[in-house]
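Residue strings, one per chain:
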Amino acid sequence: NYNDVIEEATLTVTAKAVTVTGVGGSKVYGEEDPAAFTANVEGLVGEDSITYTVSREAGENVGHYAVIPSGAASQGNYSVTYENGDFEITKANTTLAVTGYNGTYDGEAHGLTVVPAVTEGTTITYSIDGENWTDEAPSITNVGSQTYKVKASNANYNDVIEEATLTVTAKA
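Cut-offs used in this document
Residues numbered from 1 in each chain as written. Predicted model: local features only at pLDDT ≥ 70, side-chain atom pairs only at ≥ 80, totals over all residues. Heavy atoms only, no water. Salt bridge = Lys/Arg side-chain N within 4 Å of Asp/Glu carboxyl O. Helix = DSSP H or I, 4+ residues; strand = E, 2+ residues; numbered from the N terminus. Buried < 20%, exposed > 50% of the residue type's maximum accessible area, 1.4 Å probe, protein only.

### Topic: the pattern of salt bridges
Per the stated rule, a full pass over the model turns up 5 salt bridges. Here E60 and K27 are joined by a salt bridge, their closest N and O atoms 2.7 Å apart. Of this pair, E60 sits in the loop between β4 (53-56) and β5 (63-70) while K27 sits in strand β2 (residues 25-28), placing them 33 residues apart in sequence. On the accessibility criterion, E60 (42% relative accessible area) is partly exposed. Look at K27 and you get buried, because its relative accessible area is 5%. Between E163 and K149 there is a salt bridge whose closest N-O contact spans 2.4 Å. Of this pair, E163 sits in strand β16 (residues 157-169) while K149 sits in strand β15 (residues 144-154), placing them 14 residues apart in sequence. Residue classification places E163 among the partly exposed positions, given a relative accessible area of 46%. A residue is classified by how much of its surface remains accessible, and K149, at 22% relative accessible area, is partly exposed. Taken together, the shared-partner salt bridges in this structure form one network comprising K27, D33, R56 and E60.

Have a look at this one:
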């Protein structure tokens, strides 16, 4: 009752899109990086997997660095795109030791003793009011008293402000 019919057909399976995104994170300046950087993978079917590596853009100063996943764009049934994540290095805390002067008039200029915990890249500035800063170190010679704020600034550390007083009393 029926005639056999043979037809040709073409089946096309296109690669499924998969996105690998570097997982961001952060650390404080001077700390070690995590043991490994990772990535999130979106678009795989079932228990399938793809191959990729993850690295971090070089740099150790405070700032933002890319978390970079990489691998082949074509992996079997998948067309893979890669997106960088963001890794931030934040400022560390530091200390600043400031000692004032308290003495009797002797005709000599006396200044503050300032010892920052981190000297490389640190700038020391001085202020009376906490708003206007100068890098000129204060001193006192004549009878009087003045309290100064001392600020240590460094690109990789949080600013630190300490106070100390320079005082000269009258000679008896």
